[in-house]
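# Survey of secondary and tertiary structure
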Amino acid sequence: MGESIAEATVAKWLVAEGAAVAADQLIAELETDKVNLEVTAPAAGTLAKILTPKGATVKVGQVMGEIAEGAAAAAPTAKAESAASNLEKSGPAVQKLAAEMGASPASGSGKDGRVTKADLQASAPVAVATVAAPAAVAPSAPAAPRVLGAREERVPMTRIRKTIAGRLKQAQNTAAMLTTYNEVDLSRINALREQFKVSFEKKHGAKLGYMGFFTKAVVAALQEWPALNAEIDGEDIVYKHHYDIGVAVSSDRGLVVPVLRGADALDIAGIEKGIADFGKRAREGGLKPDELVGATFSITNGGVFGSMLSMPILNYPQVGILGMHGIKDRPVVVEEGGEKKIVIRPMMYVALTYDHRIVDGREAVSFLVKVKECLEEPSRLVLGV
């Protein structure tokens, strides 16, 4: 499950006791404090016994169930083989949904015969009707959420939510957090995006967003102000000479922060492709545990949800986090040809929360000014000035 994970919670079983399973078939999901992990059948046969019901806590190396090899594992029909072939062409999200629904469409309506979600939904009633009754009853699941009258209900925290809560509270209790703010004129970045977005996506297979520019600006600022790329270890300060940037991604399971490693060596295209991949796999539950640890600095973007201004909380033990917010057209004063004018510009408020125990106000403010300068004049990112 990854070096940093010792135990997990059984989120759900996708097959019942007595059901036939194929080798490598998805049969259960585990919820860890970082991501959900898939459990596949090690061999074809029958799921003879479930030893860890839904909601149970399991440790690394613990036996979750028993498979009787060969028993009730009938040879696949031509129709089943065709369905399996179609599913192999489909993406992981469709394959996962097919396992959950027990659906096996004979053909797919997508490109090159790929199975779509609509195909699964259309075939689900047939698949359910032909599934044999289980030989034994699976262990009972934990009780449903307890309803407290008509207006309230009590639901246990998920493992991920408990971890998020614990770490945020740890940051509040440990770090001397302070936040400084600035605003950024994104006119020139918007012009670049408008000019090159089509050719960029055609060449690199990723959209030209804002995160590539912000990540490069953060790395440039960290190189100039290294205290923001450090951490406290006892009575020592550990300065990091690598730039592994955590990028906050929201999923239906909660907030996760996958790490873009070696961001200083990546160009904007590499950053955009990496972040797009993280976002896709976060939504599908495909992030790996080791991808969520070891960041030296984090970036969070509340602007995608409409936030105008906020104070981000440190991702402990990091000592700095940059908060991005919504872009709004606002009147600003600029100087052109020796004259001051009021113009409308796309503006974003940015916030830097830092640990005042090792980062002074001068360093924090100067860091944020450097980020602002790089974003307002993107050529700095190319020239390294």
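Below you will find a few notes about this structure. Note that this is a predicted model, so its numbers are computed, not measured. (Residues numbered from 1 in each chain as written. Predicted model: local features only at pLDDT ≥ 70, side-chain atom pairs only at ≥ 80, totals over all residues. Heavy atoms only, no water.)

### What about the sheet that holds strand S2 (residues 20-21)?
Whether parallel or antiparallel, the strands of a sheet pair through hydrogen bonds between backbone atoms. If you trace the 3 strands from one edge of the open sheet to the other, you get S2-S5-S7, paired in antiparallel fashion. The open sheet terminates on both sides in strands that have one partner only, identified here as S2 and strand S7 (65-69). Here S2 pairs with strand S5 (residues 45-50) via 2 bridges, running antiparallel. Paired with Val21 across the strands is Gly45, a residue of S5. (Pairing = 2+ DSSP bridges. Helix = DSSP H or I, 4+ residues; strand = E, 2+ residues; numbered from the N terminus.)

### Focus: the sheet that holds strand S3 (residues 26-31)
Within the open sheet, the 4 strands sit side by side as S4-S3-S1-S6. Their pairing is antiparallel. What marks the edges here is a single partner per strand, and that holds for strand S4 (36-40) and strand S6 (57-59). Between one strand and the next, the sheet's axes are offset by a mean angle of 40°, whatever the strand orientation. Direction of pairing for strand S1 (residues 7-13) relative to S6: antiparallel, over a ladder of 3 bridges. Bridged to Ala8 within S6 is Val58. Each of S1, S3, S4 and S6 is contacted by helix H4 (residues 159-174), which is oriented at about 145° to S1, the strand it contacts most. (Axes fitted to C-alpha atoms, helices over the stretch in contact; angles between N-to-C directions. Contact = heavy atoms within 4.5 Å.)

### Concerning the packing of helix H6 (residues 211-224) against helix H8 (residues 361-376)
Where H6 meets H8, the axes come as close as 8 Å, and the angle between the chain directions of the two elements is 140°. Accordingly, the angle class assigned to the pair H6 and H8 is oblique. Considering how the two elements wind past one another, H6 and H8 form a crossing that is right-handed. Contact residues: H6 offers Phe213, Phe214, Ala217, Val218, Ala220, Ala221, Leu222 and Glu224, while H8 offers Phe367, Lys370, Val371, Cys374 and Leu375. Residue classes in the contact of H6 with H8 are distributed as 11 nonpolar, no polar and 2 charged. (Parallel < 35°, antiparallel > 145°, perpendicular 65-115°, else oblique. Left-handed = near helix turned anticlockwise from the far one by under 90°. Nonpolar A, V, L, I, M, F, W, Y, C, P; charged D, E, K, R; others polar.)

### Overview of the pairing of strand S11 (residues 230-233)
For a regular strand, side-chain orientation follows a simple rule: the groups alternate between the two sheet faces. Burial along S11 is one-sided: the face carrying Ala230 and Ile232 is buried and the face carrying Glu231 and Asp233 is not. Both S11 and strand S12 (residues 236-239) contribute to a ladder of 4 bridges, which runs antiparallel. Its bridge partner lying in S12, Glu231 is registered against Val238. Counting the residues between successive antiparallel strands, the hairpin from S11 to S12 contains 2 residues, one of them, Gly234, with a positive phi of roughly 65°. (Buried < 20%, exposed > 50% of the residue type's maximum accessible area, 1.4 Å probe, protein only.)

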